[in-house]
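Each chain, written out:
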Amino acid sequence: MPSTMADAVAEIESFLDTGIAAIKGLIPMIWVQSKTSPVQFLVGGVAILLSYLLLTISPPHDPSEPPLIKPRFPVIGHLFGLLNHQVNYFSELFARYHLPIATLPIGNQKLYVIFDAPLQQAALKAKDMDAQSFMVDFVPRIFGVKQGTVDKLLGKDGVHPNIMGDMEQVFKSALSGDNLQKLASTTLATMADTLNDVDSKKGTKIHNMFLWLQSLLSRSTSKALWGEKYNPFKDHQVIDAQWDFESHLGPLVLGVLPSIVARRAYLARNKVQSALLSYFSARHYETDASTSYFIRARTRLLKKYDLPDNELAKNEVAITLVATTNVLSTLFWCIAEIWTRPDLLQQIRAEALLAVFGDSQKALSGEDMGTRTITIPATGLDTKCPLLASCFRESIRLASQIVTARRVLKDTMLTDPVSGNSYLLKADTNVMMPAKVVHRNTAVWGADAEGFNPRRFMWEELGPKVERQRKAAFVPFGGGKHMCPGRHFAFTENLALMAALAIGFEIEGLDRSKLKMGDSKRGETAKPLPGLEGGEVVLKKRKGWEAVEWEFSC
């Protein structure tokens, strides 16, 4: 293994330069042999064409730019690697070359990939790194909105200002203070209803824990966002269509004949948009008092940009999707890891009981709790239940495989705040920052970085140096001014739900041998592989807790 960056680069250059030299030498031989038959002529022609492309269209590389990783297969090798391995391709490159940042030539273009956590943080804070450029490219394709709509929202139509500053204020107001409290309270109230509906004797049979949580999160979150009376996701078929869209939207990115190439996602998207169109056309966001501040304020702002209802419906497909997609997977994996470890579950149960009652031993003694209402305080569980919070962060670390993208607006020098090394990033070049690479880096997380360690985020046990290092390498929510605004909301609702489950319920039948995490395809959080969601389970009330009613306070 190379001991330094220079050694790695030298090995890469040596290997690939040898391959290029070999291709150069083969060109005249192929030309002679190609004359003997049409097949050989075709093969020879393709080889010559690829050789020509390799030697002529590769983008120029400045020595000040990040080190160059040439593709093993000429010209389009990196493209094939990304298509074949998705986000794992970045992990494979890092394992092979151990570079903090690299340049990947793809055809006559290039891509910068940042593998190092401190460099990723520096890039996320850089003012000349732009996230909006990708909206222009992909939003019309994925959600079907017109290009003119995107131009309006980004202030590119010559009439409207860029909406992003005002939209950031909407997020800030909606996800803080009383507005956040109301959102969390409504979400958790629906979850409490589900827990209280569990049969006291038989429990609730769950054929697929992942799909059960998917339904629970969709119902509770959409009700909190869109209101109780006219919630467009009240119809379970609309919820199913949303998840069908999410699972199959990949081909939509191509932007070519979506009704054919990505038909399943296209039809599912149409169903969700139809439900939203009815909602916006009837102005239910104004007439239903239970509608969240977020939806009301966001819709009013978008209306200022002269969006017709059909374009508004297309654009807002993303709202419930973004609010639930990543939360679902991390919640599932946290429950799976805790409830398949009896000793860990007991520790978390004692911790949660202490947070709620102030005395865990009495509640753990098996005493019948009788008929009573128990209130779980959702706020403050992060500090009151540090082991539970550590497990949730650890689940996020393993499941989060996002790839944060930026585009360089102008030539920029990016400096590693730790090593002091600087790299030239050229204007109009895309930058990718894969979370999976930094989340699995053994230099930061330890030799067991690929596995689940429930105490990995117990800061008091680790010391300030390790805490700083790991916090810098924990990037599931992006960073800079584009950091996920809903992260605190998600943390609050998930810890509260798991605290209630730990205190008052058993999940019987969850089988570790039937659990396996799949790989992310597009940079989303990792789902379980089909058929490996833990098997059929029964959610049962614990002995002595059968008559308890549950509620949450925020």
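Residues numbered from 1 in each chain as written. Predicted model: local features only at pLDDT ≥ 70, side-chain atom pairs only at ≥ 80, totals over all residues. Heavy atoms only, no water.

An unreviewed UniProt entry annotates the protein as Cytochrome P450 originating from Neurospora intermedia. Reading the Cofactor (unreviewed entry) entry of the UniProt record for the protein gives the comment "heme". (UniProt positions renumbered as here; feature names shortened; annotations may be inferred.)

### Details of the overall build of the protein
Counting its regular elements, the protein contains 26 helices and 14 strands. Burial statistics for the protein: of 554 residues in total, 49% are counted as buried. Accessible surface for the protein amounts to roughly 25,400 Å². Of this, 56% is attributable to carbon and sulfur atoms. (Helix = DSSP H or I, 4+ residues; strand = E, 2+ residues; numbered from the N terminus. Buried < 20%, exposed > 50% of the residue type's maximum accessible area, 1.4 Å probe, protein only. Areas by Shrake-Rupley, 256 points an atom, 1.4 Å probe, with all protein chains shown as cover.)

### Notes on the environment of D151
One can find D151 in helix α7 (residues 147-153). The sequence separation of D151 and P161 amounts to ten residues, and the corresponding C-alpha distance is 10.0 Å. Those residues in contact with D151 that lie beyond four places of it in its chain are K156 and D157. (Contact = heavy atoms within 4.5 Å.)

### Looking at the sheet that holds strand β2 (residues 109-114)
If you trace the five strands from one edge of the open sheet to the other, you get β1-β2-β9-β6-β3, paired in mixed fashion. Every interior strand has two partners, whereas the edge strands, β1 (101-106) and β3 (129-130), have only one. For β1 and β2, the ladder comprises six bridges, and the chain directions are antiparallel. In the strand pairing of β2, L104 is matched with L111. (Pairing = 2+ DSSP bridges.)

### As for the sheet that holds strand β10 (residues 505-508)
As summarised here, the arrangement of the three strands in space is β4-β13-β10, forming an open sheet in which the pairing is antiparallel. One side of each edge strand has no neighbouring strand; the edge strands of this open sheet are β4 (204-206) and β10. Across the sheet, the mean angle from the axis of one strand to that of its neighbour is 20°, orientation sign disregarded. When β10 meets strand β13 (residues 537-541), the two strands line up antiparallel, connected through four bridges. Within the sheet, the bridge partner assigned to I507 lies in β13 and is L539. (Axes fitted to C-alpha atoms, helices over the stretch in contact; angles between N-to-C directions.)

### Notes on the pairing of strand β7 (residues 412-415)
Burial along β7 is one-sided: T412 and L414 are buried, and none of M413 and T415, which face the opposite way, are. Pairing of β7 with strand β8 (residues 422-425) involves four bridges; the strand directions are antiparallel. Looking at β8, one finds that M413 is bridged to L424. The turn joining β7 and β8, which pair antiparallel and follow one another in sequence, is formed by six residues; a positive phi near 85° is taken by G420.

### Description of the pairing of β2
With five of its six residues buried, β2 lies for the most part within the structure. Counting the residues that bridge the hairpin from β1 to β2 gives two residues, and of these G107 lies at a positive phi of roughly 65°. Pairing between β2 and strand β9 (residues 430-434): three bridges, direction parallel. From the neighbouring strand, V113 faces β9, where its bridge partner is M432.

### A look at helix α5 (residues 117-125)
Of all the residues in α5, the buried ones are A117, L119, Q120, Q121, A123 and L124. Put simply, D116 is the residue that caps the front of α5, since its side-chain oxygen is 3.2 Å from the backbone nitrogen of L119. (Polar contact = N/O pair within 3.5 Å; in protein donor to acceptor, adjacent residues only side chain to side chain.)

### Examining the pattern of salt bridges
Side-chain pairs of opposite charge can arise where the charged atoms are in close proximity. A complete count under the given rule lists 20 salt bridges for this structure. The shortest N-O distance in the salt bridge between R512 and E337 comes to 3.0 Å. A residue pair is termed long-range when its members are at least 10 positions apart, and R512 in the loop between β10 and β11 (515-517) and E337 in helix α17 (residues 317-339) qualify at 175 residues. You can call E337 buried: its relative accessible area is 14%. In this structure, R456 and D448 form a salt bridge, with 2.9 Å as the shortest nitrogen-oxygen distance. Look at R456 and you get buried, because its relative accessible area is 2%. Relative accessible area serves as the criterion here: at 36%, D448 is assigned to the partly exposed category. Put simply, E394, R397, D448 and R456 are held in one network by salt bridges that share partners. (Salt bridge = Lys/Arg side-chain N within 4 Å of Asp/Glu carboxyl O.)

### Concerning the environment of L111
Tracing the sequence through the fold places L111 in strand β2. Relative accessible area serves as the criterion here: at 8%, L111 is assigned to the buried category. Along the primary structure L111 and R407 are separated by 296 residues, whereas in three dimensions their C-alpha atoms are 9.8 Å apart. Those residues in contact with L111 that sit more than four places away from it in its chain are A102, T103, L104, I106, T429, N430, V431 and M432.

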